[in-house]
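# A closer look at the structure
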Amino acid sequence: MQKLLILLSVCFLFSCGNETSDTLIVKGTIKGLKKGTVYLKKANDSTLAIIDSILVGKDSNFRLQTTIESPEVFYLSLDKNDSDENRITFFGDKGITEINTTLKQFTYDAEIKGSKQQETLEEYLSMNSKFKNKNLELIKESFEALKDNDTALINQTEKTYKNLEKRKYLYTVNFAISNNDSEVAPYLALTELYNTNIKFLDIVNDTLTPRVKASNYGKELQRFIDKIKKEE
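Residues numbered from 1 in each chain as written. Predicted model: local features only at pLDDT ≥ 70, side-chain atom pairs only at ≥ 80, totals over all residues. Heavy atoms only, no water.

### Quick notes on the pairing of strand S5 (residues 72–79)
Across the eight residues of S5, seven count as buried, placing the element largely inside the fold. Bridge count between strand S2 (residues 36–44) and S5: five bridges; the pairing is antiparallel. Paired with Tyr 39 across the two strands is Ser 77, which belongs to S5. Where S5 meets strand S6 (residues 87–92), six bridges bridge the pair, whose relative direction is antiparallel. Of the residues in S6, the one forming a bridge with Tyr 75 is Thr 89. (Buried < 20%, exposed > 50% of the residue type's maximum accessible area, 1.4 Å probe, protein only. Helix = DSSP H or I, 4+ residues; strand = E, 2+ residues; numbered from the N terminus. Pairing = 2+ DSSP bridges.)

Structure follows, in structure tokens:
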């Protein structure tokens, strides 16, 4: 009898381990939320598909989950019956991702703790925000130059913009190569380099480790490159 109980206990632990081994659990708190529905979504072709959802009460806590084959980008959305877009983008992996934020600044106050891919993505986004800020400055300069009919400044602004775009592409390529063992690399190639020269995509793809090549984004990048070359 004792041996049977031990065997059943071992089987139970083994089955529990299998149940969560391929699961992404997203949990956290939305400070200030009294009632609302939180959705876990991911990209499905050109739309966002709802994977899981939960009605959050006064405790402001939520817990969502889904099975996952390999690390990929997910979206945490909040429906609070208004016209604002309330969506947090994060890189999810098997295990627990914790997201704590506020109702007032749902997207901007988000603190995300979870996958190492999320940490890598945040590193890239930190630098990318500097490119975006510089781009906004150039748009403002270009608008003022057009208003003043300043041809020299218009040409200079356009030249600076092209150089900025080139720097951004090269930074993204180098970042992807430096992180070739992360699923973030093919993800950036697909989302940031899709409209650049095919050689940049090839460079990133060729440096990916076998594990990343076998991931969802790795396979998608290979298909994307094959499609471009076939159409050339």
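This is not the end of the story, as more comes after the structure.
### Remarks on the pattern of salt bridges
Applying the stated rule across the entire model yields seven salt bridges. Across the pair Glu 192 and Lys 168 runs a salt bridge whose closest N-O atoms are separated by 3.5 Å. Of this pair, Glu 192 sits in helix H4 (residues 184–192) while Lys 168 is found in helix H3 (residues 151–178), placing the two residues 24 residues apart along the sequence. For the salt bridge of Arg 211 with Asp 181, the shortest nitrogen-to-oxygen distance reads 3.4 Å. Of the two residues, Arg 211 sits in helix H6 (residues 210–213) while Asp 181 sits in the loop between H3 and H4, which places them 30 residues apart along the sequence. Since its relative accessible area comes to 40%, Arg 211 is described here as partly exposed. A residue is classified by how much of its surface remains accessible, and Asp 181, at 40% relative accessible area, is partly exposed. Through salt bridges with shared partners, a single network forms among Asp 181, Glu 183 and Arg 211. (Salt bridge = Lys/Arg side-chain N within 4 Å of Asp/Glu carboxyl O.)

### With respect to the sheet that holds strand S4 (residues 61–67)
Across the sheet, four strands lie side by side as S4-S1-S7-S8; this open sheet has mixed pairing. What marks the edges here is a single partner per strand, and that holds for S4 and strand S8 (111–113). With direction set aside, neighbouring strand axes in the sheet form an average angle of 15°. Across seven bridges, the pairing between strand S1 (residues 23–31) and S4 is antiparallel. For Thr 23, the partnering residue across the bridge sits in S4 and is Thr 67. (Axes fitted to C-alpha atoms, helices over the stretch in contact; angles between N-to-C directions.)

None of this, on its own, says anything about what the molecule does.
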